[in-house]
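Chain by chain, the residues run as shown.
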Amino acid sequence: MELMRASLDHCVKCTICETYCPVSNATQLFPGPKYVGPQAERFRIGDISPDSSLDYCSGCGICTQVCPQGVKIAEINTQARALLKQTKGVRLRDKVIARPTVAGRLGTPVAPVANWVLRNRPIRRVIERTFGIHRSAPLPRFAGRTFQRWAKKHSAPAATRSVVYFHGCGANYYEPRLGQMAVEVLEHNGFEVIVPKQDCCGLPLQSNGLFDAARGYVRRLVAALAPYARRGLPIVSTSTSCGLMLKREAREILDVHDDDLQVVSEHMYDICEFLVMLHDEGELKTDLGSLPLTVPYHAPCQQKGHGIGSPALDLFGLIPELKVVEQFAECCGIAGTYGIKEEKYGIAMDVGKPLFRGIKAAVPDVAACDSETCRWHIEHATGVRTVHPVELLHRAYALDLRAGAHSG
């Protein structure tokens, strides 16, 4: 944490972060990352955090990415927001939505009822008034089954090399089909896919200022993954935000420094990053069929935080007839749990307007984005089905057809 705070001395007040900040450009409630970050940080002494406006920072990380001086603005703001919440208290709503595994375990066995309740307009209005989750916010559907359950029953083909899959809460409880497709794409490329028992990475807790609880989740997760990393196995994730949490945010923001996290961090890859690396080494299968689709693609903020370019675009370039319309809007607005909150939903929708317009203008067959919460938000705002890039790769490999032919 001291390293984060020390970086503020490099701020030259160029205001580039202010120019790029999607939230301060959408609302006057947030004065901008420079003001609540490097500027205000100098006045934060001990346990005092003087400016409550920083709670409107979405934590998208764009300010850090564009800073020419290397100031860790988003990280400073995240730590200051946690201090603010410690001082003023954390709402019950934030404590609940920051624990997706708890919601997943409760909702999965009663998925039809839970999904009906969460889409019933009168009930959603009551939830908004009493709990503070906006009535129109895009809440995901419980799948009614978990990816872990599928993985335990899955018969893997013989392989000579192994990879570990970190699926995250989204794929486990809401998008198990994505987890299955990720496994099948990796298996098609000659890997045994190991799926350890795993829990939340702690990112929602971190984002809501609950640092101590987040550290506990991080340490439990990396303890489960570290034995594989010590064997030299790569760990891949279909959630860009969860992968980034283990790559660097747990160290830089939560100040977690232990051997398990260090070795996991060194072996963590976004799945598109990993597949492009295979391609660069001549080891990715390119038996990809044509997909005559128009697909607008949005690279989410957390994916940009990996500093890996746009590997999904590289993969799309291998698929014949796929027309990809790259979107240059900075942010969709949702920022994990930020945009589902009653007081921030309107801001999230305003932040995402340039992206939503661009996606609709493309007249797409389907849209693509690496982040689960961004996909749900984009689909909610545009009405366009939005998928992970792995799904398009899976379709181009015709893995559903191959599985059907094999079973026949």
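For clarity, every value in this text was computed on a predicted model and none was experimentally measured.

K.L.:
Even after reading the chapter, I still don't get the overall build of the chain, so can you show me in this structure?
P.N.:
A tally of helices and strands in the chain yields 23 helices and 8 strands. Scaling as 2.2 N^0.38, a compact globule of 408 residues should have a C-alpha radius of gyration of about 22 Å, and the chain matches this with 21 Å. Burial status across the chain gives 58% buried among its 408 residues. Of the contacts formed within the chain by residues at least 6 apart in sequence, a portion of 76% connects residues at least 24 apart. As displayed, the chain has an accessible area near 17,300 Å², and 53% of this comes from carbon and sulfur atoms. Placing the 48 positive and 42 negative side-chain charges of the chain at their respective mean positions leaves the two points 8 Å apart.

K.L.:
Explain the nonpolar core to me, please; I cannot follow it from the model alone.
P.N.:
Note that soluble globular proteins tend to have their nonpolar side chains buried in a common cluster. Phe166, Val218, Ile235, Leu246 and Val264 are the most contacted members of the largest nonpolar core, which totals 59 residues. It is helix α14 (residues 211–230) that contributes the most residues to this core, 9 residues altogether. Contact partners of Val218, with chain neighbours within four places excluded, come to Cys201, Met245, Ala250, Leu254, Val256 and Leu261. Ala171, Ala182, Leu288 and Ala396 belong to the second largest nonpolar core, which has 41 residues in total.

K.L.:
Honestly, the environment of Val163 in this entry has me stumped. Any pointers?
P.N.:
Here Val163 is to be found in strand β1 (residues 161–166). When its relative accessible area of 0% is taken as the criterion, Val163 is described as buried. For the pair Val163 and Arg91, spaced 72 residues apart in sequence, the C-alpha to C-alpha distance is 39 Å.

K.L.:
Would you mind going over the sheet that holds strand β7 (residues 367–369) with me for this structure?
P.N.:
Strand pairing in a sheet relies on backbone hydrogen bonds. The paired strands run either parallel or antiparallel. Pairing in this open sheet of 4 strands is parallel, and the strands run β6-β5-β7-β8 from one edge to the other. If you trace the sheet from one side to the other, it starts and ends with β6 (323–326) and β8 (386–387), each paired once.

K.L.:
Which parts of the structure should I look at to understand the side chain of His267?
P.N.:
Along the chain, His267 falls in the loop between α16 (259–266) and β4 (268–270). Given the relative accessible area of 19%, His267 is considered buried. From its side chain, His267 meets the backbone oxygen of Val263 in a polar contact 2.9 Å long. Apart from residues lying up to four places away in sequence, His267 is in contact with Ala229, Gly232, Leu233, Pro234 and Ile235.

K.L.:
So what exactly am I meant to see when it comes to helix α8 (residues 111–118) here?
P.N.:
Given 3.6 residues to a turn, an α-helix orients residues that are three or four positions apart in the same direction. Listing the buried residues of α8 in full gives Ala111, Ala114, Asn115 and Leu118. One side of α8 carries all its buried residues, which in axial view fall inside an arc of 95°. Among the exposed residues of α8, those pointing more than 90 degrees away from its buried face are Pro112, Val113 and Trp116. Its buried side turned inward, α8 meets α7 (100–107) and α9 (121–131).

K.L.:
What is the right way to look at the pattern of salt bridges in this model?
P.N.:
Working definition: two side chains of opposite charge can pair if their charged atoms are close together. In the structure shown here, the tally under the stated rule is 20 salt bridges. Residues Arg375 and Glu175 are paired through a salt bridge, measuring 2.6 Å at the closest nitrogen-oxygen approach. Here the residue Arg375 occupies a position in helix α21 (residues 372–382), and Glu175 occupies one in the loop between α11 (168–174) and α12 (176–188), the gap between them amounting to 200 residues. For the pair Arg375 and Glu175, a shared accessibility class is recorded, and that class is buried. One salt-bridge network, in which partners are shared between bridges, spans Asp55, Lys85, Arg93, Asp94, Lys341, Glu343 and Lys344.

K.L.:
I keep staring at the packing of aromatic side chains and nothing clicks. Help me out?
P.N.:
The description of two aromatic rings rests on the distance between their centres and on the angle between their planes. This structure, assessed with the given rule, holds 7 aromatic pairs. Centroid distance Phe142 to Tyr174: 5.2 Å. Interplanar angle 40°. Geometry classified as tilted. Here the residue Phe142 occupies a position in the loop between α9 and α10 (147–153), and Tyr174 occupies one in helix α11, the gap between them amounting to 32 residues. Taken as a pair, Phe142 and Tyr174 share a single burial class, namely buried.

K.L.:
When you look at helix α22 (residues 389–396) in this model, what are you seeing that I'm missing?
P.N.:
Taken across its 8 residues, α22 has 7 buried, putting it largely inside the fold. For α22, the set of buried residues is Pro389, Val390, Glu391, Leu392, Leu393, His394 and Ala396.

K.L.:
Where do I start with the environment of Tyr228 in this structure?
P.N.:
For Tyr228, the position within the fold is in helix α14. C-alpha of Tyr228 to C-alpha of Pro196: the two residues are 32 residues apart in sequence and 9.2 Å apart in space. With near-sequence residues (within four places) excluded, Tyr228 lies in contact with Val164, Ile194, Pro196 and Leu233.

K.L.:
Just checking my understanding: could you explain unusual backbone geometry for this structure?
P.N.:
A negative phi angle characterises most non-glycine residues, just as the trans form characterises most peptide bonds. A positive phi angle is found at Thr15, which is not glycine, with a value near 65°. Thr15 gets classed as partly exposed once you look at its relative accessible area, which sits at 34%. Positive phi values are uncommon outside glycine, yet Asp255 reaches one of about 65°. Tracing the sequence through the fold places Asp255 in the loop between α15 (240–252) and α16. For Asp255, a relative accessible area of 35% puts it in the partly exposed group.

K.L.:
Can you walk me through the packing of α12 against α22 in this structure?
P.N.:
Packed helix pairs are specified by the crossing angle of their axes together with the interaxial distance, meaning the distance between the axes. It is the contact of α12 with α22, at a shortest axis distance of 9 Å, that shows an interaxial angle of 55°. In terms of orientation, α12 and α22 fall into the oblique class. Seen from above, α12 lies across α22 with left-handed handedness. Taking contact as the criterion, the partners of Arg177, Leu178, Met181, Ala182, Glu184 and Val185 in α12 are, on α22, Val390, Glu391, Leu393 and His394.

K.L.:
I tried to follow the sheet that holds β1 on my own but got confused; where do I start?
P.N.:
The strand order β2-β1-β3-β4 describes an open sheet built from 4 strands, whose pairing is parallel. Of all the strands in the sheet, the pair left with one neighbour each is β2 (191–194) and β4. Taking each pair of neighbouring strands and ignoring which way they run, the sheet shows an average axis angle of 35°. Taken together, the 4 bridges between β1 and β2 define a ladder with parallel strand orientation. Bridging from a neighbouring strand, Val164 pairs with Ile194 of β2. Of the strands in this sheet, β1, β2 and β3 (235–237) are in contact with α12, which crosses β2 at around 150°. Against the sheet, α15 makes contact with β1, β3 and β4, and its axis sits at roughly 155° relative to β4, the strand it touches most.

Conventions and cut-offs
- Each chain has its residues counted from 1, following the order in which its sequence is written.
- Reporting of local features is limited, given that this is a predicted model, to residues whose pLDDT is at least 70; pairs of side-chain atoms are given and counted only at 80 or more, and all residues count toward the totals for whole chains, interfaces and linings.
- Working from all heavy atoms in the structure, the side-chain values ignore hydrogens and water.
- Here a strand is any run of E in DSSP of at least two residues, a helix any run of H or I of at least four, and the numbering for each starts at the N terminus.
- As a reference, a globule follows 2.2 Å times the number of residues to the power 0.38, and the radius of gyration itself is taken over C-alpha atoms.
- The buried label goes to any residue with under 20% of its type's maximum accessible area, the exposed label to any with over 50%, and the partly exposed label to all in between, with areas taken from a 1.4 Å probe on protein chains only.
- Whether two residues are in contact is decided by their heavy atoms: any pair within 4.5 Å suffices.
- Per-residue and other accessible areas follow the Shrake-Rupley method at a 1.4 Å probe size, with only the shown protein chains counted as cover for residues.
- All tallies of charge rest on Lys and Arg as positive and Asp and Glu as negative; His and the ends of each chain are not included.
- For charged residues, the charge sits on one atom: NZ in Lys, CZ in Arg, CG in Asp, CD in Glu.
- Take the buried Ala, Val, Leu, Ile, Met, Phe, Trp, Tyr and Cys residues and link them wherever side-chain atoms come within 4.5 Å; each set so joined is a nonpolar core.
- One bridge is not enough; two strands pair if DSSP finds at least two bridges between them.
- Polar contacts here mean pairs of N or O atoms no more than 3.5 Å apart (in protein, one a potential hydrogen donor and the other a potential acceptor; neighbouring residues in sequence count only if both atoms are side-chain atoms).
- Note: the arc covers the axis-to-C-beta directions of the helix.
- A carboxyl oxygen of Asp or Glu within 4 Å of a side-chain nitrogen of Lys or Arg is what we treat as a salt bridge.
- Only Phe, Tyr and Trp rings are paired, with Trp represented by its six-membered ring, and only when their centres lie within 6.5 Å; those with planes under 30 degrees apart are stacked, over 60 edge-to-face, the remainder tilted.
- Fitting a line to C-alpha atoms yields each axis, with helices limited to the stretch in contact; the angle taken between N-to-C directions then spans 0 to 180 degrees.
- When describing relative orientation, an angle under 35 degrees is termed roughly parallel and one over 145 degrees roughly antiparallel, while 65 to 115 degrees is termed roughly perpendicular and anything else oblique.
- Handedness of each helix crossing follows the sense of rotation of the near helix against the far helix: counterclockwise by less than a right angle gives left-handed, clockwise gives right-handed.

These figures come from the coordinates and say nothing about function on their own.
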